[in-house]
Amino acid sequence: MVQSDGQAHARKLSDVQTWVNDTFADLIASEDAAELELQAQLLTHWRSQSAQSDQSALAQLSLRCYLSHQIRYVCVQLANQFGVTYGFSAADLLPLVLNDDGQPSPPRPPLSLEILTTYNPDKARLSTWASQITKNHPVLNRALLDYGLYRASDWAILTDTTPAQVERILSQYHLCSHYEVAEAVELLRRFHQVYSRDRLQQRRTGRGGRCQPPTEEQLQQMFPTGSPRLHLAQLKQLAAQLRQYRVHARGGNPVPYQPSDAQWTELAAGSTDTAEAEDQQQEFLSAYRQVIRTPN
């Protein structure tokens, strides 16, 4: 439960364990014992008792122990998901957020207590709320930016970026050519035309949530011709360029974009198609010049 000297240390609170086992013996012993039910009863004890009562303090400490485990889980999850790419481990993140030393009345509220005091059981599970608060902790996000990690999906980034911003970022930050900028602006325009329209309709019907990858149908509407996989790879590449800029603008360390093998294949195929088209155009121009130079 305790974090100190840069390491996470488990601390057993015997009085809390004894109280929980005695107070909720029937619930714990039942075959269908539910974690959610135990949490609900602990919350009731914490909130219904006097703030100075022993039962309230024990219930709070029990919930803080549970939340400390949830905070640790979030750090491990982030490290497993992004650590190899961005160069950090769970041990690098734990000191930033796992700061509950188990004191009944800590001088500074730890993150676990912040999660607990802002929790509304009517809106989410306690584990879900703990994950949201931890992942959006300012100190944690600052550290992740320093590693080059900006935790927004490609589709969320593309959705809240305007064509004018793309033009400025690609020309001034990435130093792209006029042709590349124009191509990216058109790519984003087509994306907004379909994806943003559908997102707006989803929100109107109460089906918001996290931005998901565009469907095959959406890609077909955006790009009636050409390979959907190629256009999907191009959208991901544009999102990666925008992500690099956002990390830079927030004072972080941008990580160079590295497409996956599949994305490289699609992008290379697109480059080949473009090269072939340019070769055909050049061949036509050469033949045309030859014709007009030949006397009748």
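Attention here is on the structure that accompanies the text. (Residues numbered from 1 in each chain as written. Predicted model: local features only at pLDDT ≥ 70, side-chain atom pairs only at ≥ 80, totals over all residues. Heavy atoms only, no water.)

Things to note about the overall build of the protein
Moving on, step 1. Looking only at helices and strands, the protein has 14 helices and two strands in total.
Moving on, step 2. In the protein, buried positions account for 37% of the 296 residues.
Moving on, step 3. Within the protein, counting contacts between residues at least 6 apart in sequence, those at least 24 apart form 65% of the total.
Moving on, step 4. With the model as given, the accessible surface of the protein reaches about 17700 Å², and the carbon-plus-sulfur share is 50%. (Helix = DSSP H or I, 4+ residues; strand = E, 2+ residues; numbered from the N terminus. Buried < 20%, exposed > 50% of the residue type's maximum accessible area, 1.4 Å probe, protein only. Contact = heavy atoms within 4.5 Å. Areas by Shrake-Rupley, 256 points an atom, 1.4 Å probe, with all protein chains shown as cover.)

A word on the side chain of Ser112
Moving on, step 1. Along the chain, Ser112 turns up in helix H6 (residues 111-117).
Moving on, step 2. Filtering out sequence-adjacent residues up to four positions away, Ser112 remains in contact with Arg64, Leu67, Ser68, Ile71 and Asp100.

So, the packing of aromatic side chains
Moving on, step 1. Tallying each qualifying case throughout the model produces five aromatic pairs.
Moving on, step 2. Look at Phe82 and Tyr86: their rings are 6.3 Å apart centre to centre, the planes differ by 65°, and that puts the pair in the edge-to-face class. Placement of both Phe82 and Tyr86 in helix H4 (residues 54-86) is noted, with a separation of four residues, approximately one turn of the helix.
Moving on, step 3. One aromatic cluster in this structure is built from Trp155, Phe191 and Tyr195. (Phe/Tyr/Trp six-rings, centres within 6.5 Å; stacked < 30°, edge-to-face > 60°.)

Quick notes on the nonpolar core
Moving on, step 1. Ranked by internal contacts, the top residues of the largest apolar core, which has 39 residues, are Trp19, Leu67, Phe88, Leu93, Ile115, Leu116 and Leu144.
Moving on, step 2. Counting residues per element, this core draws most heavily on H4, which supplies 13 residues.
Moving on, step 3. Membership of the second largest hydrophobic core comes to 26 residues, among which are Ile157, Val181, Phe223 and Ala239. (Core = buried A, V, L, I, M, F, W, Y, C linked by side-chain atoms within 4.5 Å.)

Some remarks on the packing of H4 against helix H7 (residues 126-135)
The geometry of a pair of packed helices is captured by two quantities: the angle between their axes and the separation between those axes.
Moving on, step 1. Put simply, H4 and H7 touch, their axes get as near as 9 Å, and they point 55° apart. One way to sum up the angle between H4 and H7 is to call them oblique. Here H4 and H7 pass one another in a crossing that is right-handed. On H7, the residues that touch Leu63, Tyr66, Leu67, Gln70, Ile71, Val74 and Gln77 of H4 are Leu126, Ser127, Ala130, Ser131, Thr134 and Lys135. (Axes fitted to C-alpha atoms, helices over the stretch in contact; angles between N-to-C directions. Parallel < 35°, antiparallel > 145°, perpendicular 65-115°, else oblique. Left-handed = near helix turned anticlockwise from the far one by under 90°.)

Topic: the environment of Ser62
Moving on, step 1. The topology assignment puts Ser62 in helix H4.
Moving on, step 2. Sequence separation between Ser62 and Gly102 is 40 residues, and the spatial gap between their C-alpha atoms is 9.6 Å.
Moving on, step 3. Discounting residues that sit within four places of it in the chain, Ser62 has contacts with Val16, Val20 and Leu42.

Quick look at the pattern of salt bridges
Moving on, step 1. Within this structure, the stated rule accounts for seven salt bridges.
Moving on, step 2. A salt bridge links Glu186 to Arg189; the nearest nitrogen and oxygen atoms lie 2.7 Å apart. Taken together, the positions of Glu186 and Arg189, both in helix H11 (residues 178-204) and three residues apart, correspond to about one turn of that helix.
Moving on, step 3. By relative accessible area, which is 29% here, Glu186 ends up partly exposed.
Moving on, step 4. We note a salt bridge from Arg190 to Glu186, for which the minimum N-O separation is 2.9 Å. With a gap of four residues between them, Arg190 and Glu186 both fall in helix H11, about one helical turn apart.
Moving on, step 5. A single network of salt bridges, built from pairs that share partners, joins Glu186, Arg189 and Arg190. (Salt bridge = Lys/Arg side-chain N within 4 Å of Asp/Glu carboxyl O.)

Some thoughts on the packing of helix H10 (residues 163-173) against H11
Moving on, step 1. Direction vectors running N to C along H10 and H11 enclose 150°, while the axes themselves pass 9 Å from each other. Taken together, the axis directions place H10 and H11 in an arrangement best described as roughly antiparallel. Two packed elements cross with a definite hand, and for H10 against H11 that hand is right-handed. Residue-level inspection shows Pro163, Val166, Glu167, Leu170 and Ser171 of H10 in contact with H11, the latter providing Glu180, Val181, Ala184, Val185 and Leu188.
Moving on, step 2. When the residues that make up the contact of H10 with H11 are grouped by side-chain class, the tally is seven nonpolar, one polar and two charged. (Nonpolar A, V, L, I, M, F, W, Y, C, P; charged D, E, K, R; others polar.)

Quick word on H10
Moving on, step 1. Inspection of H10 places Val166, Ile169 and Leu170 among the buried residues, and these make up the whole buried set. An end-on view of H10 places all buried positions within 90° of arc, on one side of the element. Within H10, the exposed residues directed more than 90 degrees away from the buried face are Ala164 and Gln172.
Moving on, step 2. At the exit of H10 stands Leu175, carrying a positive phi of roughly 55°. (Arc of directions from axis to C-beta.)

Some points on unusual backbone geometry
Moving on, step 1. The backbone phi angle of Leu175 is positive, close to 55°, even though this residue is not glycine.
Moving on, step 2. For Leu175, the position within the fold is in the loop between H10 and H11.
Moving on, step 3. The class of Leu175 is exposed, set by a relative accessible area of 67%.

Digging into helix H1 (residues 14-23)
Moving on, step 1. Where H1 is concerned, the buried positions are Val16, Trp19 and Val20. Buried residues of H1 fall within an arc of 95° about the axis and therefore sit on the same side.

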